[in-house]
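Fold and geometry: a report
What follows is the residue order along each chain.
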Amino acid sequence: MKKILAFSLSAALMLGACKKSFLDEKPRAQTPEDYFASSTKAPEEIVTSVYSKLYDWNQHCFSWIGVTSIADDNADKGSEPGDSGTDKDQLDNYSFTSTSASFNEVWNANFEGIARVNKALDMLDKLNVDPNLKTRYQGEVRFLRAYYYFQLVRMFGGVPVISRVPVTEDEIRQVNVRNTAEEVYDLIEEDLQFASASLPENYLIEKGRATKWAAVGMLAKVQMYRQKWDDCASNCESLINSGLFELHPKYEEIWREVGEWSSESIWEIQAKGDFPAKGIQQYFSVQAPRGAGGLGWGFNTPTQKLYDAYEAGDVRRDATIITSGQVLWDGWQTNAAAPNKYYNYKCYISESQETFANNRDQTNKNLRVLRYADLLLIYAEALNEKGQTGAALQQLNAVRQRAKIGNSMAATQEEVRLAIWDERRLELAMEHDRLFDLRRTGQIADAIKADGKNFEIGKHELFPIPQRQIDLSNGLMTQNPGY
(Lines give C-alpha, C1' and ligand atoms only; values in the text may rest on other atoms or scores of the structure.)
Protein backbone atom coordinates (compact mmCIF):
# COMPACT_ATOMS: atom_id res chain seq x y z
CA MET A 1 0.00 0.00 0.00
CA LYS A 2 1.82 3.09 -1.24
CA LYS A 3 -0.03 5.48 1.05
CA ILE A 4 -2.69 5.48 3.72
CA LEU A 5 -5.56 7.12 1.87
CA ALA A 6 -7.18 10.21 3.35
CA PHE A 7 -10.72 10.01 4.75
CA SER A 8 -12.95 13.04 5.08
CA LEU A 9 -15.45 13.15 7.89
CA SER A 10 -17.80 14.95 5.55
CA ALA A 11 -18.13 11.67 3.65
CA ALA A 12 -19.99 10.36 6.66
CA LEU A 13 -22.88 12.75 6.05
CA MET A 14 -25.18 10.58 3.97
CA LEU A 15 -28.74 11.45 2.93
CA GLY A 16 -31.43 8.92 3.72
CA ALA A 17 -32.92 6.99 0.80
CA CYS A 18 -36.19 8.22 -0.72
CA LYS A 19 -39.31 6.13 -1.35
CA LYS A 20 -41.78 7.52 -3.93
CA SER A 21 -40.52 11.04 -4.09
CA PHE A 22 -38.03 13.10 -2.17
CA LEU A 23 -40.73 15.78 -2.04
CA ASP A 24 -42.85 13.47 0.13
CA GLU A 25 -40.09 12.73 2.59
CA LYS A 26 -38.95 14.69 5.60
CA PRO A 27 -35.25 15.59 5.39
CA ARG A 28 -33.17 12.84 6.98
CA ALA A 29 -29.44 13.05 7.54
CA GLN A 30 -26.98 10.67 9.12
CA THR A 31 -24.54 12.20 11.57
CA PRO A 32 -20.89 11.14 11.64
CA GLU A 33 -21.63 9.28 14.89
CA ASP A 34 -24.50 7.40 13.21
CA TYR A 35 -22.29 6.49 10.28
CA PHE A 36 -19.41 5.27 12.41
CA ALA A 37 -21.74 3.24 14.61
CA SER A 38 -23.15 1.42 11.57
CA SER A 39 -20.09 1.04 9.32
CA THR A 40 -17.77 -1.96 9.58
CA LYS A 41 -14.98 0.22 8.20
CA ALA A 42 -15.47 2.93 10.79
CA PRO A 43 -12.48 2.18 13.06
CA GLU A 44 -10.08 2.11 10.13
CA GLU A 45 -11.54 5.30 8.66
CA ILE A 46 -11.30 7.12 11.99
CA VAL A 47 -7.62 6.25 12.37
CA THR A 48 -6.87 7.12 8.75
CA SER A 49 -8.38 10.57 9.25
CA VAL A 50 -5.66 11.21 11.84
CA TYR A 51 -2.87 10.12 9.50
CA SER A 52 -4.27 12.25 6.68
CA LYS A 53 -3.41 15.41 8.61
CA LEU A 54 0.29 14.67 8.01
CA TYR A 55 -0.10 15.58 4.33
CA ASP A 56 -1.67 19.00 4.72
CA TRP A 57 -0.05 22.23 3.53
CA ASN A 58 -0.10 23.77 7.00
CA GLN A 59 1.36 20.66 8.64
CA HIS A 60 4.51 19.88 6.67
CA CYS A 61 4.96 22.51 4.03
CA PHE A 62 5.82 26.19 3.69
CA SER A 63 5.34 27.50 7.23
CA TRP A 64 6.73 24.33 8.80
CA ILE A 65 9.76 24.42 6.50
CA GLY A 66 10.23 28.04 7.54
CA VAL A 67 10.16 27.53 11.31
CA THR A 68 12.06 24.21 11.32
CA SER A 69 14.74 24.92 8.71
CA ILE A 70 14.95 28.45 7.33
CA ALA A 71 15.27 29.70 10.91
CA ASP A 72 18.41 27.63 11.59
CA ASP A 73 22.03 28.22 10.54
CA ASN A 74 22.07 25.49 7.87
CA ALA A 75 19.58 27.23 5.59
CA ASP A 76 18.69 30.62 4.13
CA LYS A 77 15.35 31.86 2.88
CA GLY A 78 16.28 31.27 -0.75
CA SER A 79 13.96 32.12 -3.64
CA GLU A 80 14.77 35.66 -4.87
CA PRO A 81 15.70 38.72 -2.78
CA GLY A 82 12.35 40.41 -3.35
CA ASP A 83 10.28 37.33 -2.52
CA SER A 84 9.57 37.41 1.21
CA GLY A 85 7.59 34.17 1.22
CA THR A 86 5.03 36.01 3.39
CA ASP A 87 7.33 36.02 6.42
CA LYS A 88 10.16 33.62 5.56
CA ASP A 89 12.53 36.57 5.35
CA GLN A 90 11.61 37.38 8.97
CA LEU A 91 12.30 33.80 10.03
CA ASP A 92 15.62 33.90 8.23
CA ASN A 93 16.90 37.12 9.81
CA TYR A 94 15.15 36.78 13.20
CA SER A 95 12.96 39.84 12.80
CA PHE A 96 9.77 37.81 13.32
CA THR A 97 7.03 38.79 15.75
CA SER A 98 4.01 37.13 17.33
CA THR A 99 1.94 38.18 14.30
CA SER A 100 4.21 36.48 11.74
CA ALA A 101 1.88 34.16 9.83
CA SER A 102 3.94 30.98 9.93
CA PHE A 103 3.62 30.55 13.68
CA ASN A 104 -0.16 30.59 13.70
CA GLU A 105 -0.24 28.17 10.77
CA VAL A 106 1.94 25.52 12.42
CA TRP A 107 0.11 26.02 15.72
CA ASN A 108 -3.25 25.41 14.05
CA ALA A 109 -1.92 22.44 12.08
CA ASN A 110 -0.66 20.51 15.07
CA PHE A 111 -3.67 21.26 17.24
CA GLU A 112 -5.91 20.15 14.38
CA GLY A 113 -3.99 16.87 14.42
CA ILE A 114 -4.36 16.59 18.20
CA ALA A 115 -8.10 17.26 17.93
CA ARG A 116 -8.40 14.43 15.40
CA VAL A 117 -6.55 12.09 17.76
CA ASN A 118 -8.81 12.96 20.69
CA LYS A 119 -11.93 12.53 18.59
CA ALA A 120 -10.63 9.20 17.30
CA LEU A 121 -9.98 7.95 20.84
CA ASP A 122 -13.44 9.07 21.88
CA MET A 123 -15.11 7.28 18.96
CA LEU A 124 -13.05 4.10 19.33
CA ASP A 125 -14.28 3.84 22.93
CA LYS A 126 -17.89 3.99 21.69
CA LEU A 127 -17.59 1.47 18.85
CA ASN A 128 -17.75 -2.30 18.96
CA VAL A 129 -14.16 -3.11 18.00
CA ASP A 130 -12.13 -6.25 18.54
CA PRO A 131 -10.13 -5.51 21.72
CA ASN A 132 -6.73 -6.30 20.19
CA LEU A 133 -7.44 -4.20 17.10
CA LYS A 134 -8.80 -1.40 19.27
CA THR A 135 -5.59 -1.33 21.31
CA ARG A 136 -3.53 -1.17 18.14
CA TYR A 137 -5.59 1.69 16.76
CA GLN A 138 -5.30 3.56 20.05
CA GLY A 139 -1.54 3.05 19.92
CA GLU A 140 -1.33 4.44 16.40
CA VAL A 141 -3.23 7.63 17.12
CA ARG A 142 -1.49 8.20 20.43
CA PHE A 143 1.84 7.91 18.62
CA LEU A 144 0.62 10.64 16.27
CA ARG A 145 -0.52 12.80 19.17
CA ALA A 146 2.96 12.49 20.65
CA TYR A 147 4.42 13.51 17.30
CA TYR A 148 2.18 16.58 17.04
CA TYR A 149 2.96 17.65 20.60
CA PHE A 150 6.69 17.08 20.09
CA GLN A 151 6.51 19.54 17.21
CA LEU A 152 4.73 22.12 19.37
CA VAL A 153 6.81 21.89 22.54
CA ARG A 154 10.08 22.26 20.63
CA MET A 155 8.75 25.33 18.85
CA PHE A 156 6.87 27.15 21.61
CA GLY A 157 7.70 25.52 24.94
CA GLY A 158 4.64 24.96 27.12
CA VAL A 159 1.32 24.75 25.26
CA PRO A 160 -2.18 23.62 26.29
CA VAL A 161 -2.32 19.91 27.08
CA ILE A 162 -5.56 18.54 25.60
CA SER A 163 -5.77 14.78 26.05
CA ARG A 164 -9.50 14.30 25.43
CA VAL A 165 -12.38 15.97 23.64
CA PRO A 166 -13.23 19.00 25.83
CA VAL A 167 -16.74 18.72 27.25
CA THR A 168 -17.03 20.47 30.58
CA GLU A 169 -16.64 24.20 31.11
CA ASP A 170 -13.30 23.67 32.86
CA GLU A 171 -12.00 21.49 30.00
CA ILE A 172 -13.02 24.05 27.41
CA ARG A 173 -11.30 26.79 29.42
CA GLN A 174 -8.12 24.69 29.67
CA VAL A 175 -7.86 24.70 25.87
CA ASN A 176 -6.80 28.35 26.23
CA VAL A 177 -4.35 27.87 29.12
CA ARG A 178 -0.72 26.86 28.69
CA ASN A 179 0.71 23.90 30.55
CA THR A 180 4.42 23.75 31.32
CA ALA A 181 6.82 22.21 28.84
CA GLU A 182 7.45 19.41 31.34
CA GLU A 183 3.74 18.61 31.45
CA VAL A 184 3.65 18.47 27.65
CA TYR A 185 6.65 16.15 27.62
CA ASP A 186 4.99 13.95 30.26
CA LEU A 187 2.01 13.40 27.95
CA ILE A 188 4.32 12.73 25.00
CA GLU A 189 6.21 10.06 26.93
CA GLU A 190 2.97 8.51 28.22
CA ASP A 191 1.59 8.28 24.67
CA LEU A 192 4.80 6.80 23.25
CA GLN A 193 5.06 4.25 26.05
CA PHE A 194 1.49 3.16 25.36
CA ALA A 195 2.21 3.00 21.62
CA SER A 196 5.40 0.98 22.05
CA ALA A 197 3.49 -1.61 24.09
CA SER A 198 0.49 -1.70 21.73
CA LEU A 199 1.87 -1.72 18.19
CA PRO A 200 3.35 -4.49 16.00
CA GLU A 201 7.05 -4.46 15.19
CA ASN A 202 6.41 -3.95 11.50
CA TYR A 203 3.79 -3.76 8.76
CA LEU A 204 4.54 -5.83 5.68
CA ILE A 205 2.16 -3.96 3.38
CA GLU A 206 0.74 -0.82 4.97
CA LYS A 207 3.87 1.28 5.06
CA GLY A 208 3.59 4.53 6.96
CA ARG A 209 1.69 3.22 9.95
CA ALA A 210 3.25 3.73 13.36
CA THR A 211 5.08 0.68 14.69
CA LYS A 212 6.49 -0.44 18.03
CA TRP A 213 9.98 0.61 16.97
CA ALA A 214 8.85 3.97 15.66
CA ALA A 215 7.42 4.60 19.13
CA VAL A 216 10.53 3.31 20.91
CA GLY A 217 12.82 5.40 18.69
CA MET A 218 10.72 8.52 19.12
CA LEU A 219 10.63 7.95 22.88
CA ALA A 220 14.43 7.76 22.95
CA LYS A 221 14.61 11.04 21.05
CA VAL A 222 12.20 12.74 23.45
CA GLN A 223 14.23 11.45 26.40
CA MET A 224 17.37 12.93 24.83
CA TYR A 225 15.65 16.33 24.90
CA ARG A 226 14.80 15.76 28.57
CA GLN A 227 18.33 14.53 29.37
CA LYS A 228 16.92 11.27 30.75
CA TRP A 229 20.06 9.48 29.70
CA ASP A 230 19.46 6.08 31.33
CA ASP A 231 16.00 5.70 29.81
CA CYS A 232 17.21 7.08 26.49
CA ALA A 233 20.10 4.62 26.27
CA SER A 234 17.86 1.71 27.28
CA ASN A 235 15.35 2.44 24.52
CA CYS A 236 18.13 2.86 21.97
CA GLU A 237 19.55 -0.50 22.99
CA SER A 238 16.15 -2.18 22.62
CA LEU A 239 15.77 -0.85 19.09
CA ILE A 240 19.33 -1.74 18.10
CA ASN A 241 19.03 -5.25 19.57
CA SER A 242 15.84 -5.88 17.58
CA GLY A 243 18.11 -6.56 14.60
CA LEU A 244 15.63 -4.93 12.23
CA PHE A 245 17.69 -1.85 11.36
CA GLU A 246 21.11 -0.98 9.97
CA LEU A 247 22.76 1.91 8.17
CA HIS A 248 21.98 1.96 4.46
CA PRO A 249 25.33 1.54 2.69
CA LYS A 250 24.73 4.34 0.16
CA TYR A 251 23.80 7.58 1.89
CA GLU A 252 22.74 9.29 -1.33
CA GLU A 253 20.12 6.61 -2.04
CA ILE A 254 18.21 7.20 1.18
CA TRP A 255 16.49 10.25 -0.34
CA ARG A 256 15.43 8.55 -3.56
CA GLU A 257 12.39 6.40 -4.15
CA VAL A 258 14.55 3.26 -4.01
CA GLY A 259 15.58 4.33 -0.52
CA GLU A 260 12.07 4.43 0.92
CA TRP A 261 11.74 2.11 3.89
CA SER A 262 15.33 0.99 3.60
CA SER A 263 17.09 -0.82 6.43
CA GLU A 264 17.72 2.61 7.92
CA SER A 265 14.12 3.79 8.08
CA ILE A 266 12.35 3.78 11.45
CA TRP A 267 9.39 5.97 10.45
CA GLU A 268 8.51 7.87 7.29
CA ILE A 269 5.44 9.77 6.17
CA GLN A 270 4.37 7.74 3.17
CA ALA A 271 3.63 9.44 -0.15
CA LYS A 272 2.31 8.22 -3.48
CA GLY A 273 3.72 9.41 -6.81
CA ASP A 274 1.65 7.48 -9.36
CA PHE A 275 -2.00 8.01 -10.28
CA PRO A 276 -3.78 9.31 -8.34
CA ALA A 277 -0.81 11.16 -6.83
CA LYS A 278 -1.00 11.99 -3.14
CA GLY A 279 1.90 13.45 -1.24
CA ILE A 280 2.72 16.12 1.31
CA GLN A 281 1.23 19.19 -0.31
CA GLN A 282 3.98 21.06 -2.19
CA TYR A 283 6.84 19.93 0.05
CA PHE A 284 8.96 19.37 -3.06
CA SER A 285 7.87 22.34 -5.16
CA VAL A 286 8.47 24.90 -2.39
CA GLN A 287 12.13 23.86 -2.14
CA ALA A 288 12.97 22.72 -5.67
CA PRO A 289 15.51 24.77 -7.73
CA ARG A 290 14.19 28.06 -9.08
CA GLY A 291 14.88 30.03 -12.23
CA ALA A 292 14.77 29.29 -15.96
CA GLY A 293 14.27 25.56 -16.37
CA GLY A 294 13.76 25.20 -12.61
CA LEU A 295 11.21 22.98 -10.93
CA GLY A 296 9.94 25.04 -8.03
CA TRP A 297 10.05 28.07 -5.78
CA GLY A 298 13.61 27.69 -4.52
CA PHE A 299 13.09 28.34 -0.81
CA ASN A 300 15.09 26.81 2.07
CA THR A 301 18.53 26.85 0.48
CA PRO A 302 21.66 25.39 2.16
CA THR A 303 24.16 27.97 3.39
CA GLN A 304 27.79 28.32 2.40
CA LYS A 305 28.71 27.62 6.03
CA LEU A 306 26.95 24.26 5.85
CA TYR A 307 28.69 23.40 2.58
CA ASP A 308 32.07 24.29 4.09
CA ALA A 309 31.43 22.34 7.30
CA TYR A 310 31.80 18.95 5.61
CA GLU A 311 35.21 17.30 5.71
CA ALA A 312 36.98 16.45 2.46
CA GLY A 313 35.56 13.27 1.02
CA ASP A 314 32.34 13.34 3.07
CA VAL A 315 29.76 11.77 0.75
CA ARG A 316 26.93 13.48 2.63
CA ARG A 317 27.70 16.94 1.28
CA ASP A 318 26.92 16.13 -2.34
CA ALA A 319 23.91 14.04 -1.30
CA THR A 320 22.52 16.98 0.69
CA ILE A 321 23.36 20.02 -1.44
CA ILE A 322 22.66 20.73 -5.11
CA THR A 323 25.09 23.21 -6.66
CA SER A 324 23.46 25.28 -9.40
CA GLY A 325 24.62 24.08 -12.80
CA GLN A 326 25.40 20.50 -11.81
CA VAL A 327 23.97 17.39 -13.45
CA LEU A 328 21.92 15.43 -10.93
CA TRP A 329 21.79 11.67 -10.45
CA ASP A 330 19.04 11.19 -13.05
CA GLY A 331 20.73 13.28 -15.75
CA TRP A 332 18.79 16.51 -15.20
CA GLN A 333 21.01 19.59 -15.30
CA THR A 334 20.20 22.48 -12.99
CA ASN A 335 20.36 26.08 -14.11
CA ALA A 336 23.83 27.57 -13.58
CA ALA A 337 22.23 31.04 -13.43
CA ALA A 338 19.66 30.13 -10.76
CA PRO A 339 19.05 32.81 -8.09
CA ASN A 340 20.83 30.73 -5.44
CA LYS A 341 24.08 28.82 -5.51
CA TYR A 342 22.74 25.88 -3.50
CA TYR A 343 19.46 23.96 -3.20
CA ASN A 344 18.18 21.10 -1.04
CA TYR A 345 19.00 17.75 -2.67
CA LYS A 346 17.13 15.71 -0.06
CA CYS A 347 13.76 16.99 -1.29
CA TYR A 348 14.53 16.40 -4.98
CA ILE A 349 12.14 14.30 -7.08
CA SER A 350 13.16 12.80 -10.41
CA GLU A 351 10.40 13.18 -12.97
CA SER A 352 12.15 10.70 -15.29
CA GLN A 353 13.43 7.98 -12.94
CA GLU A 354 10.82 7.88 -10.18
CA THR A 355 7.05 7.56 -10.06
CA PHE A 356 5.60 10.88 -11.13
CA ALA A 357 1.99 11.67 -12.04
CA ASN A 358 2.79 15.03 -13.67
CA ASN A 359 1.97 16.83 -10.44
CA ARG A 360 4.84 18.54 -8.65
CA ASP A 361 2.53 19.53 -5.81
CA GLN A 362 1.64 15.90 -5.01
CA THR A 363 4.84 13.89 -5.39
CA ASN A 364 6.21 10.59 -4.15
CA LYS A 365 8.62 12.21 -1.69
CA ASN A 366 8.41 10.36 1.62
CA LEU A 367 9.39 12.51 4.58
CA ARG A 368 12.05 10.65 6.57
CA VAL A 369 11.08 11.48 10.14
CA LEU A 370 13.28 9.07 12.10
CA ARG A 371 16.33 7.23 10.76
CA TYR A 372 18.67 4.67 12.28
CA ALA A 373 21.62 7.07 11.94
CA ASP A 374 19.73 9.57 14.10
CA LEU A 375 19.11 6.82 16.64
CA LEU A 376 22.81 5.85 16.71
CA LEU A 377 23.78 9.46 17.39
CA ILE A 378 21.12 9.71 20.11
CA TYR A 379 22.58 6.55 21.63
CA ALA A 380 26.10 7.96 21.37
CA GLU A 381 25.04 11.11 23.18
CA ALA A 382 23.28 9.17 25.94
CA LEU A 383 26.27 6.87 26.46
CA ASN A 384 28.68 9.78 26.57
CA GLU A 385 26.57 11.64 29.12
CA LYS A 386 26.53 8.45 31.21
CA GLY A 387 30.33 8.47 31.20
CA GLN A 388 30.70 5.66 28.66
CA THR A 389 32.74 7.72 26.23
CA GLY A 390 34.48 4.80 24.53
CA ALA A 391 31.17 3.12 23.73
CA ALA A 392 29.77 6.44 22.53
CA LEU A 393 32.66 6.79 20.09
CA GLN A 394 31.79 3.41 18.56
CA GLN A 395 28.29 4.64 17.65
CA LEU A 396 29.60 7.99 16.41
CA ASN A 397 32.24 6.33 14.26
CA ALA A 398 29.74 3.95 12.69
CA VAL A 399 27.93 6.98 11.27
CA ARG A 400 31.21 8.63 10.19
CA GLN A 401 32.47 5.49 8.46
CA ARG A 402 29.33 5.31 6.33
CA ALA A 403 30.09 8.91 5.35
CA LYS A 404 33.59 7.81 4.21
CA ILE A 405 35.45 10.10 6.61
CA GLY A 406 36.90 7.69 9.13
CA ASN A 407 36.92 7.77 12.89
CA SER A 408 36.61 10.84 15.08
CA MET A 409 39.76 12.12 16.79
CA ALA A 410 37.76 13.19 19.87
CA ALA A 411 38.89 11.61 23.14
CA THR A 412 37.54 13.32 26.26
CA GLN A 413 33.88 13.41 27.24
CA GLU A 414 33.63 17.10 26.28
CA GLU A 415 35.36 16.53 22.94
CA VAL A 416 33.06 13.62 22.15
CA ARG A 417 30.01 15.65 23.17
CA LEU A 418 30.94 18.41 20.70
CA ALA A 419 31.82 15.85 18.02
CA ILE A 420 28.39 14.22 18.34
CA TRP A 421 26.64 17.58 18.07
CA ASP A 422 28.68 18.45 14.98
CA GLU A 423 27.92 15.05 13.47
CA ARG A 424 24.21 15.55 13.99
CA ARG A 425 24.47 18.82 12.09
CA LEU A 426 26.00 17.13 9.03
CA GLU A 427 24.22 13.79 9.11
CA LEU A 428 20.75 15.33 9.56
CA ALA A 429 21.25 18.54 7.56
CA MET A 430 18.04 19.86 5.94
CA GLU A 431 15.99 17.28 7.89
CA HIS A 432 14.29 19.81 10.20
CA ASP A 433 16.23 18.93 13.37
CA ARG A 434 19.12 21.39 13.45
CA LEU A 435 17.31 24.33 15.06
CA PHE A 436 16.00 22.20 17.90
CA ASP A 437 19.39 20.59 18.47
CA LEU A 438 20.87 24.07 18.81
CA ARG A 439 18.22 25.02 21.34
CA ARG A 440 18.49 21.94 23.53
CA THR A 441 22.31 22.01 23.59
CA GLY A 442 22.55 25.73 24.40
CA GLN A 443 24.39 26.55 21.17
CA ILE A 444 21.56 28.54 19.60
CA ALA A 445 22.73 32.09 20.33
CA ASP A 446 26.30 31.60 19.13
CA ALA A 447 25.27 29.64 16.03
CA ILE A 448 22.61 32.09 14.86
CA LYS A 449 24.80 35.12 15.55
CA ALA A 450 27.69 33.50 13.65
CA ASP A 451 25.30 33.14 10.73
CA GLY A 452 24.82 36.92 10.75
CA LYS A 453 21.33 36.85 12.16
CA ASN A 454 19.76 38.98 14.86
CA PHE A 455 19.49 36.67 17.87
CA GLU A 456 18.33 38.11 21.21
CA ILE A 457 19.26 36.08 24.29
CA GLY A 458 16.27 35.58 26.57
CA LYS A 459 13.84 35.88 23.67
CA HIS A 460 14.68 33.83 20.62
CA GLU A 461 15.25 30.55 22.47
CA LEU A 462 11.56 29.94 21.72
CA PHE A 463 9.18 31.15 19.04
CA PRO A 464 6.36 33.52 20.07
CA ILE A 465 2.92 32.21 20.90
CA PRO A 466 0.83 33.37 17.92
CA GLN A 467 -0.95 36.62 18.77
CA ARG A 468 -4.07 35.24 17.11
CA GLN A 469 -4.24 32.50 19.77
CA ILE A 470 -3.82 35.00 22.59
CA ASP A 471 -6.63 37.12 21.12
CA LEU A 472 -8.93 34.11 20.73
CA SER A 473 -8.30 33.13 24.36
CA ASN A 474 -9.35 36.57 25.61
CA GLY A 475 -5.98 36.92 27.25
CA LEU A 476 -5.88 33.52 28.99
CA MET A 477 -3.00 32.40 26.77
CA THR A 478 0.31 33.86 28.01
CA GLN A 479 3.17 34.98 25.75
CA ASN A 480 6.78 33.81 25.77
CA PRO A 481 9.40 36.21 27.18
CA GLY A 482 10.54 39.08 24.96
CA TYR A 483 7.56 39.22 22.65
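Not measured: the values here are computed from a predicted model.

1. As for the overall build of the chain
Looking only at helices and strands, the chain has 20 helices and 8 strands in total. Expected size for 483 residues packed as a compact globule is a radius of gyration near 23 Å; at 23 Å, the chain falls within 12% of this value. The principal-axis extent of the C-alpha atoms belonging to the chain is close to 80 × 55 × 50 Å. For the chain, buried positions account for 58% of its 483 residues. Long-range contacts, defined here as pairs at least 24 residues apart, represent 68% of the contacts in the chain between residues at least 6 apart. For the chain, the accessible surface area stands at approximately 19700 Å², while carbon and sulfur atoms represent 50% of it.

2. Some points on the nonpolar core
In this structure, Phe143, Tyr149, Phe156, Ile188 and Trp267 are the most contacted members of the largest nonpolar core, which totals 110 residues. It is helix α7 (residues 131–156) that provides the largest number of residues to this core, a total of 13 residues. Those residues within four positions of Ile188 in sequence are excluded, and the remaining contacts are Ala146, Tyr149, Phe150, Val153 and Val222. Judged by nonpolar contacts, the second largest core, of 10 residues, contains Ala288, Ala338, Tyr343 and Tyr345.

3. A closer look at helix α15 (residues 372–385)
For α15, spanning 14 residues, the distance from its first C-alpha to its last is 20 Å, which sits close to the expected 20 Å at 1.5 Å a residue. With 13 of 14 residues buried, α15 lies mostly within the body of the structure. Looking one or two places after α15, you find Gly387, whose phi comes out positive at around 90°.

4. A word on the environment of Asp191
Note that Asp191 resides in helix α9 (residues 181–198). Judged by relative accessible area, Asp191 falls into the buried class, the value being 0%. Between the C-alpha atoms of Asp191 and Leu219, which are 28 residues apart in sequence, the distance is 9.2 Å. Once you skip the residues sitting within four places of it in the chain, Asp191 turns out to touch Arg142, Arg145 and Ala146.

5. A short note on the side chain of Arg434
Mapped onto the fold, Arg434 is located in helix α18 (residues 434–440). In this structure Arg434 comes out as buried when scored by relative accessible area, which is 12%. Not counting chain neighbours up to four residues away, the residues in contact with Arg434 comprise Asp72, Asp73, Asn74, Trp421 and Arg425.

6. With respect to the pattern of salt bridges
Counted according to the given criterion, the structure contains 48 salt bridges. Salt-bridge contacts for Arg290 lead to Glu80; the nearest nitrogen and oxygen are separated by 3.8 Å. Here Arg290 is found in the loop between α12 (283–287) and β5 (299–302), whereas its partner Glu80 is found in the loop between β3 (75–78) and α5 (88–93), with 210 residues between them in sequence. Residue classification places Glu80 among the partly exposed positions, given a relative accessible area of 36%. Here Arg440 and Glu381 are joined by a salt bridge, their closest N and O atoms 2.8 Å apart. With a gap of 59 residues between them, Arg440 in helix α18 and Glu381 in helix α15 connect regions that are remote in the sequence. Within this structure, Glu264, Glu311, Asp314, Arg316, Lys346, Arg371, Arg400, Arg402, Glu423, Glu427 and Glu431 form a network of salt bridges that share partners.

7. Section: the packing of aromatic side chains
Taken as a whole and judged by the stated rule, the model has 23 aromatic pairs. Ring centres of Trp57 and Trp297 lie 6.1 Å apart, and the angle between their planes is 55°; on these two criteria the pair is classed as tilted. With Trp57 in helix α3 (residues 57–60) and Trp297 in the loop between α12 and β5, this residue pair connects regions lying 240 residues apart in the sequence. Owing to a relative accessible area of 30%, Trp297 belongs among the partly exposed residues under this scheme. Taking 5.5 Å as the distance between ring centres and 75° as the angle between the ring planes, the aromatic pair formed by Tyr147 and Trp267 counts as edge-to-face. Of the two residues, Tyr147 sits in helix α7 while Trp267 sits in strand β4 (residues 265–269), which places them 120 residues apart along the sequence. Of the two residues examined, Tyr147 and Trp267, each falls in the buried class. One aromatic cluster is present, formed by Tyr94, Phe96, Phe103, Phe455, Phe463 and Tyr483 through successive ring pairs. The ring of Phe194 has Arg142 lying over it, and the distance from NZ or CZ to the ring centre is 4.4 Å. Above the plane of the ring of Phe463 lies Arg439, whose end atom (NZ or CZ) is 4.2 Å from the centre.

About the criteria used
- Residue indices begin from 1 for each chain and proceed along its sequence in written order.
- Residues qualify for local features only when their pLDDT is at least 70, as the model is predicted, and side-chain atom pairs are given and counted only at 80 or more; totals for whole chains, interfaces and linings, by contrast, use all residues.
- Computation of side-chain values: all heavy atoms of the structure, hydrogens and water removed.
- For the purposes of this entry, the term helix denotes a DSSP run of H or I that reaches at least four residues, the term strand denotes a run of E that reaches at least two, and both are numbered from the N terminus.
- Both definitions apply: the radius of gyration is a C-alpha atom measure, and the globule rule equals 2.2 Å times residues to the power 0.38.
- For the exposure calls, accessible area comes from a 1.4 Å probe over protein chains only, and a residue counts as buried if that area is under 20% of its type's maximum, exposed if over 50%, partly exposed in between.
- It only takes one pair of heavy atoms within 4.5 Å for two residues to be counted as in contact.
- All accessible-area figures derive from a Shrake-Rupley calculation using a 1.4 Å probe, and residue coverage is judged against the displayed protein chains alone.
- In this text, buried Ala, Val, Leu, Ile, Met, Phe, Trp, Tyr and Cys residues form a nonpolar core when linked through side-chain atoms within 4.5 Å.
- In a helix, the anticipated span is given by 1.5 Å times the number of residues less one.
- Here a salt bridge means any side-chain nitrogen of Lys or Arg lying within 4 Å of a carboxyl oxygen belonging to Asp or Glu.
- Here a Phe, Tyr or Trp ring, Trp counted by its six-membered ring, pairs with any other such ring whose centre lies within 6.5 Å, and the pair is stacked when the planes are under 30 degrees apart, edge-to-face when over 60, and tilted otherwise.
- Charge-over-ring placement is defined geometrically: NZ (Lys) or CZ (Arg) within 6 Å of the ring centre, and within 35 degrees of the ring normal.

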